[in-house]
Amino acid sequence: VLKIVSEVRKKCITVLDESTVTAIVQEQLSKRPLFRNQKKLKVFNIRPVKTDVPTFQIYVNDPILFGESDLACIENIIRSKFDLLGCPVRFSLIKI
């Protein structure tokens, strides 16, 4: 059990590359964009923050329009490309 906990801990403290994360999410969202109230939700940049829990600052056009399902979609994109199994993920939305 301690070996698994140690592996998860290593995954959680790994800092991901900002340009790689942003490019992956933007590529996937260009194929399948997110909309709310007929307004396209835009992601301009995603900055991983060095913390104990993987945290991402997401620079967007309108943070109020981003709901749980939209953030879950972004989380799924990130998890599909990076090994974050067992790690919680946090998001902070910032308006540009």
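Before reading further, recall that the structure is shown in the block above.
Reference entry: report on the structure contained in this document. By convention here, each chain's residues receive numbers from 1 onward along its written sequence. Selection of residues for local features in this predicted model requires a pLDDT of at least 70, selection of side-chain atom pairs for listing and counting requires 80 or more, and totals for whole chains, interfaces and linings are taken over all residues. Calculation of side-chain values draws on the structure's entire complement of heavy atoms; hydrogens and water are dropped beforehand.

In this structure, Asn-37 takes a positive phi of about 55° despite not being glycine. Going along the chain from the N terminus, every DSSP run of H or I of four or more residues is numbered as a helix, and every run of E of two or more is numbered as a strand. Looking at where Asn-37 falls in the secondary structure, it is placed in the loop between strand E1 (34-36) and strand E2 (39-41). The buried label applies to any residue whose accessible area, calculated with a 1.4 Å probe on protein chains only, is under 20% of its type's maximum; exposed applies above 50%, and partly exposed to all values in between. Among the residues examined, Asn-37 registers a relative accessible area of 66% and is labelled exposed. Of note in this structure, Gln-38 is not a glycine but carries a positive phi near 60°. With respect to the helices, strands and loops of the structure, Gln-38 is situated in the loop between E1 and E2.

The next subject is the side chain of Thr-55. Inspection of the secondary structure assignment puts Thr-55 in strand E4 (residues 55-60). Accessibility expressed as a relative area gives 12% for Thr-55, which makes it buried. In this structure the side chain of Thr-55 is engaged in a polar contact, spanning 3.1 Å, whose partner is the side chain of Thr-51. Polar contacts here mean pairs of N or O atoms no more than 3.5 Å apart (in protein, one a potential hydrogen donor and the other a potential acceptor; neighbouring residues in sequence count only if both atoms are side-chain atoms). A distance of 2.9 Å separates a polar atom in the side chain of Thr-55 from the backbone oxygen of Val-53.

A few words on the pairing of E4. Of all 6 residues in E4, 5 are buried, a share of seventy percent or more. When DSSP finds at least two bridges between two strands, those strands are taken to pair. When strand E3 (residues 43-49) meets E4, the two strands line up antiparallel, connected through 6 bridges. The partner of Arg-47 across the bridge, within E4, is Gln-57. Across 6 bridges, the pairing between E4 and strand E5 (residues 90-95) is parallel. Bridge pairing in E5 links Val-60 to Lys-95. Remark: the E4/helix H3 (residues 68-81)/E5 crossover connection has right-handed handedness. Seen with its strands pointing away from the viewer, a crossover is right-handed when the path leading from the first strand over the helix to the second is clockwise.

This part covers the pattern of salt bridges. When a carboxyl oxygen of Asp or Glu lies within 4 Å of a side-chain nitrogen of Lys or Arg, that pair is called a salt bridge. Within this structure, the stated rule accounts for 5 salt bridges. Between Glu-27 and Lys-31 there is a salt bridge, and its shortest N-O distance comes to 3.6 Å. With a gap of 4 residues between them, Glu-27 and Lys-31 both fall in helix H2 (residues 18-31), about one helical turn apart. A residue is classified by how much of its surface remains accessible, and Lys-31, at 58% relative accessible area, is exposed. Linking Glu-75 and Arg-79 is a salt bridge whose minimum nitrogen-to-oxygen distance equals 2.8 Å.

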